[in-house]
Amino acid sequence: MCGIVGIVGKSSVNQSLYDALTVLQHRGQDAAGIVTCHDGRLFLRKDNGLVRDVFQQRHMQRLVGNMGIGHVRYPTAGSSSSAEAQPFYVNSPYGITLAHNGNLTNVDQLNKEIYESDLRHVNTNSDSEVLLNVFAHELAVQGKLQPTEEEVFAAVSKVHERCRGGYAVVAMITGYGIVGFRDPNAIRPIVFGQRHTESGVEYMIASESVALDVLGFTLIRDLAPGEAIYITSAGELFTRQCSDHPRYSPCIFEHVYLARSDSFMDGVSVYKARLRMGEKLAEKILREYSDHDIDVIIPIPDTSRTAAMELATRLGVKFREGFVKNRYIGRTFIMPGQAARKKSVRQKLNAIPLEFKGKNVMLVDDSIVRGTTCKQIIQMARDAGARKVYFCSAAPAVRYPNVYGIDMPSVHELIAHNRTTEEVAQLIGADWLLYQDLQDLIDSVAGPKVKIKEFDCAVFDGQYVTGDVDEVYLNRIEQARNDASKAKTNAVSAIIDLYNS
Ligand SMILES: O=P(O)(O)OC[C@H]1O[C@H](OP(=O)(O)OP(=O)(O)O)[C@H](O)[C@@H]1O
Ligand SMILES: NC(=O)CC[C@H](N)C(=O)O
Ligand SMILES: [Mg+2]
């Protein structure tokens, strides 16, 4: 779940791209990058780190031009090396740069084709570089000196035929314009919007609508599954359905955890979806623990707050802030290794004993994945004097890997894999544990006025919407991407790129 952005503006876009990336920072903390285009030349700056650390004034000054794209990275393929920071670049045809959110599931096949048939070179282990080369090849075979929307959309159609997995993409064709496209199952999110200026209309493509809001753009809409958008450098906008078999099945985990709650995704207010998650949890508690003795409900900052608040309201139980979060420490779950994740929980959250002493507390989190957070938090609640600690997850048990852009490749790292709710409760040290039912989660997101009724729920039910994910594939990515192997691949880094310093 990286963050992507692309802007075709009427004046310099460097500051707007930077600002948009800071708004999307919650989608990726490992690396950040921007490439702009001016007078047929590209200007790139990318590196490991947060947006505020990667871009100094001298970098910003070099990023000239009225169009550009940007990326914040949370690696799900390859390594965390700065060589895999995005946007990626290929020089032929036209000079194309690309930023990608998602994960391809047929990278091995594509790599073979790229090398043996397309005669192209890929220099990293990143699936995004593979995707870029497929797109570049398909645009090259259109054979036009000056590509129009027809060639661009034909190339995207070919990408859909060749690539499997989840992908939301922005790509810039040097001198010509910016393309955005979404995989045929719409697994990863992508929206576009416009802003009126004295010099004319500016367009932005982004992962989440909140980036548009903050920069004064109005949301036009989400891209449909398989759809592409092309905005020329002169500001003409074209959209086209580029897939023969589009199927609207967005990732439900965006609503649970990944997205900011002030975003709208596929017509759904993430905030409202989280409120409804709290409502459904309250109904389940009243069904299963009607004689509960909960004194206070305490959220685990940040993401669970919305659901926890509504849960407390519906139960008529006090809602209290029992943990204070250090605002300078990032999101734990998207940190690259278990050691860093473990350490960050204690650094980030501290209990207020007053809210725990002698009380039966219910702690609420949006999800339990590896159990890194809840295990430590429950212990902290007990150390702070809680009499009983109940735990509630606004999502169902996460039992299966994610292969579409969330780095959960290994079943053995998932605390609920092959375990009952009672076993997980015991392991995390809760007096009892309650998970949301999957149907209740789906109903929370597909609220009464929402058109989409189908979601990618693979992490909860093991059903992979692309239909190509089998035991063999899962075993392979588990070997390649468990914490121990990641530590090894991170050592490898070779940078062949545009001038970038
Ligand atoms: O079971 P785990 O493997 O610990 O993963 C789940 C936890 O990680 C996330 O929090 P995170 O700190 O990443 O971000 P937040 O501040 O948005 O809640 C999520 O909100 C849960 O708290
Ligand atoms: N989280 C993502 O969307 C990751 C994008 C891409 N697979 C990478 O690893 O860079
Ligand atoms: Mg959290």
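Conventions and cut-offs
- Residues numbered from 1 in each chain as written.
- Chains lettered and ligands numbered in written order.
- Predicted model: local features only at pLDDT ≥ 70, side-chain atom pairs only at ≥ 80, totals over all residues.
- Heavy atoms only, no water.
- Pairing = 2+ DSSP bridges.
- Helix = DSSP H or I, 4+ residues; strand = E, 2+ residues; numbered from the N terminus.
- Axes fitted to C-alpha atoms, helices over the stretch in contact; angles between N-to-C directions.
- Contact = heavy atoms within 4.5 Å.
- Domains from an automatic or database assignment.
- Buried area = accessible area lost by both parts, 1.4 Å probe.
- Salt bridge = Lys/Arg side-chain N within 4 Å of Asp/Glu carboxyl O.
- Near = heavy atom within 4 Å.
- Polar contact = N/O pair within 3.5 Å; in protein donor to acceptor, adjacent residues only side chain to side chain.
- Areas by Shrake-Rupley, 256 points an atom, 1.4 Å probe, with all protein chains shown as cover.
- 1 Å grid on protein atoms, 1.4 Å probe; cavity = no way out; pocket = protein on both sides within 12 Å on 5 of 7 lines; lining within 4 Å.
- Sits in = over half its atoms within 2 Å of the grid points.
- Nonpolar A, V, L, I, M, F, W, Y, C, P; charged D, E, K, R; others polar.
- Buried < 20%, exposed > 50% of the residue type's maximum accessible area, 1.4 Å probe, protein only.
- Phe/Tyr/Trp six-rings, centres within 6.5 Å; stacked < 30°, edge-to-face > 60°.
- Lys NZ or Arg CZ within 6 Å of the ring centre and 35° of its normal.
- Points joined across faces, edges and corners; volume = space filled by probe spheres on them.
- Core = buried A, V, L, I, M, F, W, Y, C linked by side-chain atoms within 4.5 Å.

Participant: Which residues make up the sheet that holds strand S2 (residues 31–38), and what are the values?
Facilitator: Across the sheet, which stays open at both edges, the seven strands sit in the order S3-S2-S4-S1-S10-S9-S11 with antiparallel pairing between neighbours. Edge positions in the sheet fall to strand S3 (41–48) and strand S11 (218–222), since each has one partner strand and no second. On average, each strand axis in the sheet is inclined to that of its neighbour by 15 degrees, with strand direction left out of account. For strand S1 (residues 3–8) and strand S4 (residues 67–73), the ladder comprises six bridges, and the chain directions are antiparallel. Across the sheet, the residue bridging to Val 5 is Gly 70, located in S4. Docked against the sheet, helix H1 (residues 14–23) engages S1, S2, S4, strand S9 (191–197) and strand S10 (200–206), running at close to 160 degrees with respect to S2.

Participant: Give a description of the domain arrangement of the protein chain that names residues and reports values.
Facilitator: Each assigned domain of the protein chain is listed here: domain 1 (3–248) and domain 2 (272–326 + 345–454). Once you take the C-alpha centre of each, domain 1 and domain 2 turn out to be 35 Å apart. Listed as interface residues are 12 residues of domain 1 and, on the opposing side, seven residues of domain 2. Taken together, the two surfaces of domain 1 and domain 2 that pack against each other cover about 880 Å², and 52% of this comes from carbon and sulfur. A per-residue breakdown of the area domain 1 buries against domain 2 is headed by Tyr 74, Arg 188 and Tyr 248, which together make up 45% of the total. Our count for the domain 1 to domain 2 interface comes out at one salt bridge. Between Arg 247 and Glu 454 there is a salt bridge, with its nearest N and O atoms 2.5 Å apart.

Participant: Any chance you could break down the site of ligand 1 for me, citing the residues and the numbers?
Facilitator: The local shell around ligand 1 holds 17 residues, among which Thr 303, Lys 348, Asp 365, Asp 366 and Thr 373 are the closest. Here an oxygen atom of ligand 1 sits 2.7 Å away from a polar atom, N or O, in the main chain of Val 369. Between ligand 1 and Thr 373 there is a distance of 2.6 Å, counted from an oxygen atom to a side-chain nitrogen or oxygen. Computed on the free molecule, ligand 1 has an accessible area of 490 Å², of which 97% lies beneath the protein chains in the complex. Among the cavities detected, the one that contains ligand 1 is the largest pocket. Partitioned by chemical class, the residues of the shell around ligand 1 number five nonpolar, six polar and six charged.

Participant: Requested: an account of the environment of Arg 341, with residues and values cited.
Facilitator: Along the chain, the position of Arg 341 falls in helix H11 (residues 338–348). The buried category is assigned to Arg 341, whose relative accessible area is 2%. Sequence separation between Arg 341 and Asp 293 is 48 residues, and the spatial gap between their C-alpha atoms is 33 Å. Beyond its immediate sequence surroundings of up to four residues, Arg 341 is in contact with Thr 332, Phe 333, Met 335, Pro 336, Arg 370, Thr 372 and Asp 483.

Participant: Describe the pairing of S1, listing the residues and the values that go with them.
Facilitator: Burial of S1 is extensive: six of the six residues sit out of reach of the surface. Residue alternation in S1 divides its side chains into two sets, Gly 3, Val 5 and Ile 7 and Ile 4, Gly 6 and Val 8, and both sets are buried.

Participant: Could you give me a rundown of the packing of aromatic side chains, with the residues and numbers involved?
Facilitator: With the rule as written, the count across this model stands at 11 aromatic pairs. On the basis of an interplanar angle of 40 degrees and a centroid distance of 5.7 Å, the ring pair of Phe 135 and Phe 181 is categorised as tilted. Remark: Phe 181 occurs in strand S8 (residues 177–182) and Phe 135 occurs in helix H5 (residues 127–140); sequence separation between them is 46 residues. The class for Phe 135 is buried, based on a relative accessible area of 0%. Taking the relative accessible area as the measure of exposure, Phe 181 reaches 0% and is therefore buried. For the pair Tyr 390 and Trp 432, a centre-to-centre distance of 4.6 Å together with 25 degrees between the ring planes defines the contact as stacked. Of this pair, Tyr 390 sits in strand S21 (residues 388–393) while Trp 432 sits in strand S22 (residues 432–435), and the two are 42 residues apart along the sequence. For the pair shown, Tyr 390 and Trp 432 are each scored as buried. Members of the aromatic cluster, each reached through a chain of ring pairs, are Phe 253, Tyr 257, Phe 333 and Phe 460. Positioned over the ring face of Phe 88 is Lys 46, at 4.8 Å from the centre of the ring. Here Arg 331 stacks its cationic end above the ring of Tyr 257, 4.0 Å away from the centre of that ring.

Participant: For empty space enclosed by the protein, give the residues involved together with the corresponding values.
Facilitator: Applying the stated criterion across every chain, the model contains three cavities of 30 Å³ or more. The volume enclosed by the largest cavity comes to roughly 90 Å³. The class makeup of the residues in the lining of the largest cavity is six nonpolar, one polar and six charged. Its volume calculated, the second largest cavity comes out at about 70 Å³. For the lining of the second largest cavity, the elements supplying multiple residues, two or more each, are strand S6 (96–104) and H5.

Participant: How would you summarise the nonpolar core if you had to cite specific residues and measurements?
Facilitator: Among the nonpolar cores identified, the biggest contains 57 residues, and Phe 253, Ile 297, Leu 311, Met 362, Met 408 and Phe 460 are the most heavily contacted of them. For Met 362, the residues in contact, after removing those within four places along its chain, are Ile 285, Ile 294, Val 296, Ile 297, Ile 298, Leu 311, Tyr 390, Phe 391, Cys 392 and Trp 432. Among the nonpolar cores identified, the runner-up in size contains 31 residues, and Leu 98, Val 130, Leu 131 and Val 134 belong to it.

Participant: Outline the pattern of salt bridges, listing residues and values.
Facilitator: Applying the stated criterion across every chain, the model contains 32 salt bridges. A salt bridge links Glu 150 to Arg 240; the shortest N-O distance between them is 3.0 Å. A residue pair is termed long-range when its members are at least 10 positions apart, and Glu 150 in helix H6 (residues 149–162) and Arg 240 in strand S13 (residues 237–241) qualify at 90 residues. We classify Glu 150 as partly exposed; its relative accessible area is 42%. Since its relative accessible area comes to 32%, Arg 240 is described here as partly exposed. In the salt-bridge network here, residues are joined through shared partners; they are Arg 27, Arg 188, Glu 208 and Glu 254.

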